[in-house]
Amino acid sequence: MNYIISIINPDSLSILMDLCNQLFPYVLLSKLRRAISSGWGFTCIRRSVYMKPTILLINFQDQQKLRKLKMALLPFKLRIKTIEPQDYSQPIGYLAGVKEISQVQIPSALIPQEQMEKEMLILAGITGNLFDQVLYTLRKAGTPVDYKAVLTEHNQNWNCMQLYKELEKEHNMYHPS
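Report follows, based on the coordinates. Since the structure is predicted, the reported quantities are computational estimates derived from the model, not experimental observations. (Residues numbered from 1 in each chain as written. Predicted model: local features only at pLDDT ≥ 70, side-chain atom pairs only at ≥ 80, totals over all residues. Heavy atoms only, no water.)

Now for the pairing of strand β7 (residues 120-124). Counting buried residues along β7, five of its five residues qualify, which places the element largely inside the surrounding structure. Bridge count for strand β5 (residues 54-58) against β7 is five bridges, and the pairing is antiparallel. Each residue of the ladder has a partner; that of I55, found in β7, is L123. Sheet topology places β7 next to strand β8 (residues 147-150); four bridges connect them, and they run parallel. Its bridge partner being in β8, L121 is matched across the sheet by K148. One crossover worth recording links β7 to the parallel β8 by way of helix α5 (residues 128-141), and it is right-handed. (Buried < 20%, exposed > 50% of the residue type's maximum accessible area, 1.4 Å probe, protein only. Helix = DSSP H or I, 4+ residues; strand = E, 2+ residues; numbered from the N terminus. Pairing = 2+ DSSP bridges. Right-handed = clockwise from strand over helix to strand, strands pointing away.)

What follows is the structure, given as structure tokens:
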């Protein structure tokens, strides 16, 4: 989603900045801030939605392992969300808190009764150095997770079972029995 803003003079930039902060409090407007400091002209702003870094934990049966994993990740101040089986049919993006993805209403008779055999961890909104630190901490804590994934534009509309099957297929492709 793009917003194109035409800037006439430096005074209108600060007014526009105040307006944007009121309308989109969670939108990163770094390009607009740079435009304010550099003078006036035409500026195109790419709307980037702020999402708190989140880790989704799916199909964790061992409560001791789950507690150990959460304790290891506590210093990062990430949002850690354990997904219940009744939510497996919801889009992963919705579960992670992506505002543009809404909840799906599925009658209980149509919800697939498939079971996951392994645990799955999804990293959403975690990039760069934080991503490396989180993975290192998980390894160091001794809490191995069978399937790990990153929320992307490609998979954010998938449900948990779709992602699980894709990860299972990739795992079997790289680690044949």
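What follows concerns the environment of I126. Here I126 is to be found in the loop between β7 and α5. Separated by 72 residues in the primary sequence, I126 and T54 have C-alpha atoms spaced 7.2 Å apart. Discounting residues that sit within four places of it in the chain, I126 has contacts with P53, T54, I55, L78, F131 and V134. (Contact = heavy atoms within 4.5 Å.)

Our next topic: the sheet that holds β7. Pairing within the open sheet is mixed, and its four strands lie in the order β6-β5-β7-β8. Each end of this open sheet is capped by a strand with a single partner; those strands are β6 (79-83) and β8. Pairwise comparison of adjacent strand axes, ignoring direction, gives a mean angle of 20° for this sheet. (Axes fitted to C-alpha atoms, helices over the stretch in contact; angles between N-to-C directions.)

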